[in-house]
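# Analysis of the macromolecular model
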Amino acid sequence: MRRAARLGGLLAVLLAGPALAQTLSFPEGAVMTAERQEPEGSYALPLGPAEAGVVPTRRVEGALTMQAWRLPETEDTLALLAPLREQILAAGFTPLLDCETSGCGGFDFRLAVELLPAPDFWFDLGDFRAFAAEKEAEEEALVLVVSHTAGAGYVHLARIGPASEEAALSVPAEAAAAAPPASPADFDSELEARGRVILADLSFETGSAQLGPGPYASLQALARYLAAHPGRQVALVGHTDSEGGLEPNITLSRRRAGSVLERLVSRYGTPRSQLAAEGMGYLAPVASNLTPGGREANRRVEVILTSTE
Amino acid sequence: MKGAAPPAAEQIYAAIDATWPPAAMARLGGWTIREGRGGGSRVSAATWEGPGPAEESLAGAEDAMRALGQTPLVMVRAGQEALDRALEASGWRVKDPVVTYAGPASALPAPGLEVAEAWPPGPEARAVWAEGGIGPERIAVMDRAAGPKVALGMGGGVAYVALHDGLAMLHALEVLASARRRGLGRALMGAAGAWAARQGAGQLVLLVTRANAGANALYAGLGMAQTGGYHYRELAP
């Protein structure tokens, strides 16, 4: 499947909607490479550079979001950090820490701060900056770590505090996904009228069942639909093109549907009782397997409404 | 679906880091530094990704590894002759040349014996591994792999297989000394191939030290091809 690029920048701000005070805006060309969310998480907030090998930290609890972003052709960590730092300060946050490489404590700093792993976030021990800030009234804190390596820039963002809806400064979320397949209303009506929707924005590694990091607008729409209709059930159905044997293709397609199911449960809290995952292999094509474009279209995961009332 | 073409060296290196992951990886200029936490050479060795000559930043990489409490160790990959010479000149000595093998997953012979598939590994599998020197630090390495993975086990033999980007990679194949010469290794390889094929992987890949004659004979005898290799260089304390 095609790897869907997720664009930050303006899109995140435009789609944030009136309910949010502000959404942190990333420069154009920024691509989210990974995200982890914990509704009830904790994070060791760095309060200063390492002293005698130890970074002073304070453990904070709340909804935790960690995101890794990659930016093309960046050589300067300050150019990465400055626009983000500016937005955070403008939102009324108080800086706790603002340091660079050895000023942060070098290796000791890396070991003290929890970061999403490489290759989603590459940290260069010899060239990085860190910035932490909090808004005490809201019990909200942000930690930015920026680095660059092999011609690309990397930004790591950790946000801890109240749930996103109540945040003074929220991070780019599901709405930042590029080219959502349809508006939520269209999604609901298509699912109910036609009985199925192709989750066209999902991306998988070639030959792998692992779902890309997302976020995916189609899964957000599906999660919202299932939350609004707790009595309804759906099946996620994986499909492949006709390259290779039937049995491995059925297995692969079922595993891909299973990855989508797990993502709905872990990311959106959708109850398992509303979900099933199945695989059809190449037995239900939507296009010819004779052309690359047709095979691409055939590699997909659909959601079908299985409830009869 | 991935075809039957043997994987490129870069694919194998990526699969090593994904299926046998270090506790953490970081860059230091052109170096990738790995934090192994006692998980062995594969998760602790630094690699040179370039560009340019490695010598200038070698001291920094050494310091970074020492800061992690690790003995400075570099994995020298195929084609890195200049790096190899630079390390040699600075007193780094060769350790454990490794050969990589690959073969179509579906071409391995059916196990013929019943092989259990499980994740996480059960107590019997852990006991066999422990006997062969694969302790909790290496089980922690397997735990870290994010993709599909499995522990294959049968009376006195065990192996771990994990998937990355269409490649299945086998690590930690261990047969108790008392259970050798009964075809367990061969059966485990067959089970690994069958598991990999069911996951949609085209190729099964593995790494073995050149000095391990028994294992090299097993893999060659199964029709797997040597696709390349690497060796380590260590700066003795």
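Heads up: the structure comes first, above all this text.
### Quick look at the nonpolar core
Residues L144 of chain A together with I33 of chain B are the most contacted members of the largest nonpolar core, which totals 68 residues. Of the residues forming this core, the biggest block, six residues, is contributed by strand β5 (residues 140-149) of chain A. Sequence-distant contacts of L144 of chain A, that is, excluding residues within four places in its chain, are made with L81, L84, A130, F131, V155 and L157 of chain A. Of all hydrophobic cores here, the second largest spans 54 residues; its members include V158, A159, L170 and A194 of chain B.

### Structural notes on the pairing of strand β2 (residues 31-35) of chain B
All names here are of chain B. When you tally the buried positions in β2, you get five out of five residues, the bulk of the element. Side-chain alternation along β2 places W31, I33 and E35 on one buried face and T32 and R34 on a second face that is also buried. Direction of pairing for strand β1 (residues 24-28) relative to β2: antiparallel, over a ladder of five bridges. Bridged to R27 within β2 is T32. If you look at the hairpin formed by β1 and β2, you'll find two residues sitting between the two strands, and G29 has a positive phi there, around 60°. Examined bridge by bridge, β2 and strand β3 (residues 47-48) share two bridges and lie antiparallel to one another. Along β3, the bridge assignment pairs W31 with W48.

### Overview of the sheet that holds strand β7 (residues 196-198) of chain A
All names here are of chain A. Spatially, the four strands line up as an open sheet ordered β7-β10-β8-β9, and their pairing is mixed. Each edge of the sheet is formed by a strand with only one pairing partner; in this case those strands are β7 and β9 (275-279). Taking each pair of neighbouring strands and ignoring which way they run, the sheet shows an average axis angle of 20°. Across five bridges, the pairing between strand β8 (residues 234-239) and β9 is parallel. Residue pairing across strands places G238 opposite G279, the latter belonging to β9. Of the strands in this sheet, β8, β9 and β10 (300-305) are in contact with helix α6 (residues 246-268), which crosses β9 at around 160°.

### Quick notes on unusual backbone geometry
A118 of chain A connects to P119 of chain A through a cis peptide bond whose omega is 5°. Mapping P119 of chain A onto the fold places it in the loop between α3 (107-112) and β4 (128-135). In this model, G50 of chain B is joined to P51 of chain B through a cis peptide bond whose omega is 0°. Tracing the backbone shows P51 of chain B in the loop between β3 and α3 (55-67). Its identity as a non-glycine residue notwithstanding, A52 of chain A has a phi of 50°, on the positive side. Mapped onto the elements of the fold, A52 of chain A is located in the loop between β1 (31-46) and β2 (57-72). Positive phi is not limited to glycine here, since R181 of chain B has a value of about 65°. With respect to the helices, strands and loops of the structure, R181 of chain B is situated in the loop between β9 (167-175) and α7 (184-198). Judged by C-beta crowding, with 8 C-beta atoms within 10 Å, R181 of chain B ranks as exposed.

### Comments concerning the pairing of β9 of chain B
Residues and elements named next belong to chain B. With nine of nine residues buried, β9 lies mostly within the body of the structure. Across seven bridges, the pairing between strand β8 (residues 157-164) and β9 is antiparallel. The partner of A162 across the bridge, within β9, is M169. Here β8 hands over to β9 after two residues, with D165 in that stretch at a positive phi of 50°. Bridge count for β9 against strand β10 (residues 203-209) is four bridges, and the pairing is parallel. Note that in β10 the partner of M169 across the bridge is V205. Considered for its hand, the β-α-β crossover made up of β9, α7 and β10 is right-handed.

### Observations concerning the interface of chain B and chain A
Listed by partner, the interface residues are 24 residues for chain B and 23 residues for chain A. If you list the elements that add at least two residues to the side of chain B that touches chain A, you get β1, α3 and α7 of chain B. Grouping the constituent residues of the side of chain B that touches chain A by class yields 12 nonpolar, seven polar and five charged.

Here is what the cut-offs are and how they apply
- Residues numbered from 1 in each chain as written.
- Chains lettered and ligands numbered in written order.
- Predicted model: local features only at pLDDT ≥ 70, side-chain atom pairs only at ≥ 80, totals over all residues.
- Core = buried A, V, L, I, M, F, W, Y, C linked by C-beta atoms within 7 Å.
- Buried ≥ 20, exposed ≤ 12 C-beta atoms within 10 Å, placed from the backbone.
- Helix = DSSP H or I, 4+ residues; strand = E, 2+ residues; numbered from the N terminus.
- Contact = placed C-beta atoms within 7 Å.
- Pairing = 2+ DSSP bridges.
- Axes fitted to C-alpha atoms, helices over the stretch in contact; angles between N-to-C directions.
- Right-handed = clockwise from strand over helix to strand, strands pointing away.
- Nonpolar A, V, L, I, M, F, W, Y, C, P; charged D, E, K, R; others polar.

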